[in-house]
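Chain by chain, the residues run as shown.
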Amino acid sequence: MKRSFYPDATQNIAYLYDEADSLTGCSGSSPVGRLTRVIENNVSKVFCYDTHGNVIRKAHGCILIGTSRTITIVEADQPLPE
């Protein structure tokens, strides 16, 4: 995990690697050695991989403290929603 913290908390960012499917919401992903999640300004971007290391899914969702998260799945060749 790599995190950067700034005086203005809205600029904080975390890069997470090698996370299990149970944490990312992926199904059958091969995450070892790969970026699995980016958390920036309470928005989480998730990346799921096939066994060759290709991104097969990208997901984008908000992180709300004390509630369950909702992830929107987008095809790998489509842009993430803003």
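Everything discussed here concerns the structure shown above.
To keep things clear, this report deals only with the structure shown in the data block. On a predicted model such as this, the values are computed, not experimentally measured, just so you know. Each chain has its residues counted from 1, running along the sequence as written. In keeping with the model being predicted, local features are shown solely for residues with a pLDDT of at least 70 and side-chain atom pairs are shown and tallied solely at 80 or more, while totals for entire chains, interfaces and linings include all residues. Excluding hydrogens and water, the side-chain values take into account all heavy atoms of the structure.

Attention shifts here to the overall build of the chain. Looking only at helices and strands, the chain features 1 helix and 6 strands. From first element to last, N terminus to C terminus, the chain shows the α and β order β-β-α-β-β-β-β. Each residue is assigned to one of three classes by its accessible area relative to the maximum for its type, calculated with a 1.4 Å probe on protein chains only: buried under 20%, partly exposed between the two thresholds, exposed over 50%. Put simply, the chain has 82 residues, and 28% of those count as buried. A separation of at least 24 residues holds for 13% of the contacts in the chain among residues at least 6 apart in sequence. Secondary structure elements are taken from DSSP: a helix is a run of H or I of four residues or more, a strand is a run of E of two residues or more, and numbering for both begins at the N terminus. Any two residues whose heavy atoms approach within 4.5 Å at even a single point are treated as in contact.

As a further point, take the state of the cysteines. Criterion for a disulfide: a pair of cysteine sulfur atoms at a distance within 2.5 Å. Using the criterion set out here, one finds 1 disulfide in the structure. Shown here is the disulfide that connects cysteine 26 with cysteine 48, its sulfur atoms set 1.9 Å apart. Between cysteine 26 and cysteine 48, the disulfide has an S-S torsion of -80° and is therefore left-handed. Of the two residues, cysteine 26 sits in the loop between helix H1 (21-24) and strand S3 (35-40) while cysteine 48 sits in strand S4 (residues 43-49), which places them 22 residues apart along the sequence. For the pair cysteine 26 and cysteine 48, one class covers both residues: buried.

What follows covers the pattern of salt bridges. By definition, a salt bridge exists where a carboxyl oxygen of Asp or Glu is found within 4 Å of a side-chain nitrogen of Lys or Arg. Applying the stated criterion across every chain, the model contains 1 salt bridge. For the salt bridge of arginine 37 with glutamate 19, the shortest nitrogen-to-oxygen distance reads 2.4 Å. Of this pair, arginine 37 sits in strand S3 while glutamate 19 is found in the loop between strand S2 (13-17) and H1, placing the two residues 18 residues apart along the sequence. Accessibility expressed as a relative area gives 12% for arginine 37, which makes it buried. Classification of glutamate 19 by relative accessible area gives buried; the value is 8%.

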